[in-house]
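# Geometric and topological summary
Next come the chains, spelled out residue by residue.
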Amino acid sequence: MTVIDVGQGLSLLFQTPHHSLLFDAGPTRVAGGMGGTRVLAPLLMDRGVKSLDRVIISHGDDDHQGGLPALMGLVPAEQIFAGEPKKLKAKGLSAQPCRAGQHWRWDGVDFALLHPTKRAHKGNNQSCVLQVTYNNTRLLVPGDLEKSGEKRLVNKYKNQLHSTILVAGHHGSKTSSSASFIAKVQPKWVIFSSGYLNRYGFPHAVVVDRFHTIGAKLSNTAYDGEMTWVLN
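The following refers to the structure shown. (Residues numbered from 1 in each chain as written. Predicted model: local features only at pLDDT ≥ 70, side-chain atom pairs only at ≥ 80, totals over all residues. Heavy atoms only, no water.)

All right, on to the packing of aromatic side chains then. Per the stated rule, a full pass over the model turns up eight aromatic pairs. Seen in terms of ring centroids, F14 and F111 are 6.3 Å apart; in terms of plane orientation they differ by 90°. Their pairing is edge-to-face. Taken together, the residues F14 in strand β2 (residues 12-16) and F111 in strand β10 (residues 109-115) connect sequence positions 97 residues apart. A single burial state applies to F14 and to F111, both of which are buried. In textbook terms, an aromatic cluster arises when at least three aromatic residues are bridged by ring pairs, as seen for F14, W104, W106 and F111. (Phe/Tyr/Trp six-rings, centres within 6.5 Å; stacked < 30°, edge-to-face > 60°. Helix = DSSP H or I, 4+ residues; strand = E, 2+ residues; numbered from the N terminus. Buried < 20%, exposed > 50% of the residue type's maximum accessible area, 1.4 Å probe, protein only.)

And the structure:
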């Protein structure tokens, strides 16, 4: 998993020996130009990714889907899934809705969507939540899911949420990462994808303290830049 430095936004590249998946595409614009062409396309090409097997866009906020239209002109995708497909359709992109229970396996790596359900949610709580499992290592990516959405996950999945690595929800906003959710996930590593000195103050100090309390190790793209995690 490569956590791409897209400034204030989110974009993750998952690669198995024969497949690739992009989760979110960062904002429309980054420092110096368009995010899709300035950041994402060069990185994918450098990794030898000429086309993507699947793209998942957690929800419709620009900092999660803005870079996708420009990217698709350079690196196409076989399938696109989204928490809010209508917002991509408005940009000329066709996507299938994310649904809890969708599951696939690539090269021994299991990918599962835990959220959303068919029940109507709005905005951040419509976020696609991705869980990736390889042997005894599990990664959890909740998009911008807020506390009420986290509560639904805790009630439904309980200890199945336990993960080695967590990409912190909503960039470390205090609207996410509730104490009950953290208690079930129990991550060893937490990754914040946020912009340097961003105007929102992400990650929030209260959230950082919650993760420090359980002994998790923290990384932040604002200071650490792009980072790659290899599961073996």
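Here we take up the state of the cysteines. Scanning all chains against the criterion turns up one disulfide. Note that C98 is cross-linked by a disulfide to C128, the S-S spacing being 2.1 Å. When the S-S torsion is 90°, as for the bridge of C98 with C128, the disulfide is right-handed. Remark: C128 occurs in the loop between β10 and β11 (129-134) and C98 occurs in the loop between β8 (96-97) and β9 (103-106); sequence separation between them is 30 residues. C98 sits in the buried class, given a relative accessible area of 1%. (Disulfide = S-S within 2.5 Å.)

Our next topic: helix α1 (residues 35-46). Between its first and last C-alpha, α1 extends 16 Å over 12 residues, near the 16 Å set by a 1.5 Å rise per residue. On its buried face, α1 is in contact with β1 (2-3), β2, β4 (29-30), β5 (33-34), β6 (52-57) and α3 (68-72). G48 sits one or two positions beyond α1 and adopts a positive phi of about 80°. (Expected span 1.5 Å × (residues − 1). Contact = heavy atoms within 4.5 Å.)

Where strands meet in a sheet, backbone hydrogen bonds hold them as pairs that are either parallel or antiparallel. In space, the seven strands of this open sheet follow the order β8-β7-β6-β3-β2-β1-β16, with mixed pairing throughout. The sheet is open, and its two edges are formed by β8 and β16 (227-228), each paired on a single side. Here two bridges tie β1 to β2, and the two strands are oriented antiparallel to one another. Across the sheet, V3 pairs through a bridge with L12, a residue of β2. (Pairing = 2+ DSSP bridges.)

What follows is about helix α5 (residues 147-157). Turn by turn, an α-helix covers 3.6 residues, leaving residues three or four places apart pointing in a common direction. By the burial criterion, the buried members of α5 are G149, E150, L153, V154 and Y157. Around the axis of α5, the buried residues are gathered within 145° of arc, so they sit on the same side. The inward-facing, buried residues of α5 abut β10, β11 and α6 (179-185). Taken from the residues just after α5, K158 is the one with a positive phi, measuring 50°. (Arc of directions from axis to C-beta.)

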